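Coordinates in review
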Amino acid sequence: MPASPKIIELRKVLAERFPYEPSLPSLSFPTGWALFDSLLDGGFPRGGITQLITPNISSGGTLVLHEIIQSLHKASRHAVLVDGKDCFDPPTHQPFLLWIRCTNALQALKATDLILRDGNLPVAILDLKLNPEIELRKIPGTTWYRFQRILEENKNSLFIMTRHPIAHNSTYNMIMTNQIKIDDLSSLSLHLIQLFAFKISRRRAQQDYRYA
Amino acid sequence: MPKSENSLFAVIYVPFYGLQSARIKSLNRAACFGDTSSEQASFDLSESRSKHEINVSLADDQSWGVPAALLDSDGIHLIELNHAAEVAGVQLGTSTSQALARCPDLVLYARSIPQEQRLEESLLQVVYRYSPFIENSGPGICTLDLRGKRVRKHLPWLQELLAQIHSLGLRAQAGIGSNPEIALQAAMIANPILEIDSTLRQSLPLESLTSSHYLLDILKSWGIRTLGALAQLPREEIAQRLGLEGLSLWDRATGRSSNMLRLVKPPETFDESIDFEQNLETLEPVLFILRRFLEKLSLRIESVYLLIGELRLTLTLENGEQIARTLQIPAPTREIETLFRIAFQYLETLQTTAPIIGFQLQAIPSRPNDHQFDLFQGGLKDPNRFFQTLARLAALVGNDRVGIPQKIDTHRPDTVRLQMPELDWGEEKAQIGSSPRIGPGLRRYRPGIVADVELSHGKPVAVHSPMMTGRILELRGPWKLSGNWWDLSRWEIQEWDIELDNGGLYRLVQSMDRWEVVGMYD
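Residues numbered from 1 in each chain as written. Chains lettered and ligands numbered in written order. Predicted model: local features only at pLDDT ≥ 70, side-chain atom pairs only at ≥ 80, totals over all residues.

Moving on, we come to the overall build of chain B. Within chain B one finds 14 helices and 21 strands. Going through the 522 residues of chain B one by one, you find that 35% of them count as buried. Restricting the contact set of chain B to residue pairs at least 6 apart, pairs at least 24 apart contribute 60%. (Helix = DSSP H or I, 4+ residues; strand = E, 2+ residues; numbered from the N terminus. Buried ≥ 20, exposed ≤ 12 C-beta atoms within 10 Å, placed from the backbone. Contact = placed C-beta atoms within 7 Å.)

Here we come to the interface of chain B and chain A. In this assembly, 52 residues from chain B lie in contact with 52 residues from chain A. If you list the elements that add at least two residues to the side of chain B that touches chain A, you get helix 14 (383-397), strand 13 (402-407), strand 14 (416-419), strand 15 (442-450), strand 18 (469-483), strand 19 (491-500) and strand 21 (514-521) of chain B. When residues of the side of chain B that touches chain A are assigned to their parent elements, the largest contribution, 7 residues, is made by helix 14 of chain B. By the bridge criterion, 2 bridges tie strand 5 (residues 97-101) of chain A to strand 13 of chain B in an arrangement that is antiparallel. Paired with W99 of chain A across the two strands is G403 of chain B, which belongs to strand 13 of chain B. (Pairing = 2+ DSSP bridges.)

All names here are of chain B. Overall, antiparallel pairing links the 4 strands, which are arranged 9-12-10-11 in an open sheet. Strands at the two margins of the open sheet, each flanked by one partner only, are strand 9 (270-280) and strand 11 (322-333). When strand polarity is set aside, the average angle formed by the axes of neighbouring strands in this sheet is 15 degrees. (Axes fitted to C-alpha atoms, helices over the stretch in contact; angles between N-to-C directions.)

All right, on to the confidence of the model for chain B then. All names here are of chain B. Chain-level statistics for chain B give a pLDDT mean of 82 and a share of 87% at 70 or above. Predicted confidence is poor over residues 1-5, with pLDDT under 50, and the contacts of this stretch with residues over four places away or in other chains come to 7 contacts. Segment residues 36-58: pLDDT under 50, and 28 contacts once partners within four positions in sequence are set aside and those in other chains are kept. (pLDDT = per-residue confidence, 0-100.)

Once that is clear, we can look at the sheet that holds strand 19 of chain B. Residue and element names in this part refer to chain B. Judged by pairing direction, the sheet is antiparallel, and its 7 strands sit side by side in the order 15-21-20-19-18-17-16 without closing on themselves. Only two strands of the sheet have a single neighbouring strand rather than two, namely strand 15 and strand 16 (452-456). The mean angle between the axes of side-by-side strands here comes to 30 degrees, regardless of whether they run parallel or antiparallel. Here strand 17 (residues 459-464) runs beside strand 18; their pairing, made up of 3 bridges, is antiparallel. Within the sheet, the bridge partner assigned to A462 lies in strand 18 and is R471.

As structure tokens, then:
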């Protein structure tokens, strides 16, 4: 049935007054942190895994984690932190963060599995930086593919922090090779983080997000 | 005062009420043990089986073709028969052996008065949705006063009502008439709905309104056999000749009625229970009954426009022990799947000391939670599922190890409390801290790593511990902290920030003579 003339006229008026392209469904969750969002083409990929690899001992990974949590908090977005070695030290009251304090990598993976399957929280952060190598080597590669399938189903996002790449199916791999010095302890976090250099070592094309 | 001609009543009539009640109970039990024999329609435990399918099998028209009878409480005589049994020649009051001799295919049901009472409550609750003026006129008979019901066509809502009663497992009929007696007559002969208007009313026999042989004999001797013929007689003459009883009959025959309904309010308890004939040692039969009970309770609670806010499960064991559990529903709902999942999560982890012989489910109604998120705030998609996940996470990592981090008002380092999210999680406005953060973040070692520290002039110069060892290139400190000096929980520490030759930045803490690496700057 053809649209009525009034509708056509209304469309014209709207097109003149708001000359924007209609926005496509977003493929990512913006964190609210401009630097990070620009690196990740808009934010954490929906239905995908992002890996932050920090091979150095004191490379600033925790500062990045705090910044992401703070940005999500500012945007009133819920997030969950699966803390693989119970090492997170919350800097302030974080009313939008669900913190799961695990004791080992296996427990952290089980918790992540539950959270991803639940699908209520858009962003899950899995911090495995302090987990020993022996624990990480025991994680079967299929685990990450299983997570990928769940993420695709629920359209949420997983952000992993490790010292070495562990998820071979990640959409983005970011590497931080900074080294914090003792003088940086008295610098403002805001200034410190601007000095960090991120290198994207892998960027997979995202598949079109299909809305039901 | 006699009511006006415009009064209208509806009667919901459940034929063979006792028989139907006993049959439902019997079918529930049979379904628990997978007995799909005889006339009982097939049941399966698959979740895919819809509510409609299951309930159709309860009030299945085909199964009514099988001769069935209800036994008295002694289990000796028949007190109710269905049409098929009557056609087969079985008579009321006969003994079971006589009845079975007459009709070997006769299915006998034991009477269950508690089940009848429960169904009566359910019936009233469902009917109450359609009129606030209802009377419990007898077993399986419910009269509705339709005053104030501004609908011209009664067929649609009566069909809906009968469908809901069908969901309870009962087959009912409905009649509409200008007074309760005529409406009851209509309901008894309806298939399944009949409205008796003034024309049809006039052709009804006198017996439909009175059973008084005295009145009937007199009227028949006058040649009056129908209500229409009676209505044509003058009211005053009837009053003079037949008295008050005759006057009452005339009023009812003409559509007036002096009979007031004894109004009842349906009970506000919503529970279902079953006693199993055999002891249950597996979960599946309980799950089957659980789903069926949830369907019924959901329907009953829907009729009062509320949601289910709490489920109370009671399992009776063979050794007399009772296991009772109250399950809170974070976001009250009537969704069967959600409620089933919550109850299932509890039942699947339950271990009993003896087989189960009884199961009761009570639903506590609740009003819906009001939530108004602001434009840019994201709520939880499925709060009930989220709280189930939280329970699973708590079971995995421990109750005190999952939640929202909250700082405690103390200067003592690493004091954080976790609070479980509530349903309105996220309604709190984001408050941006005004004080800027200093330095990198700290990753804590919990517990701290005990270290041997070499000192020179009172300052650490090297650290030896299982996780990090090396010479200290640079350090800051000591930062002295203390607190609670006024009570027994007094504490006093000295903190040092150190940079080791491996490139790592650590926080070293001295408490008394003990040194610990409590975290890594990252």
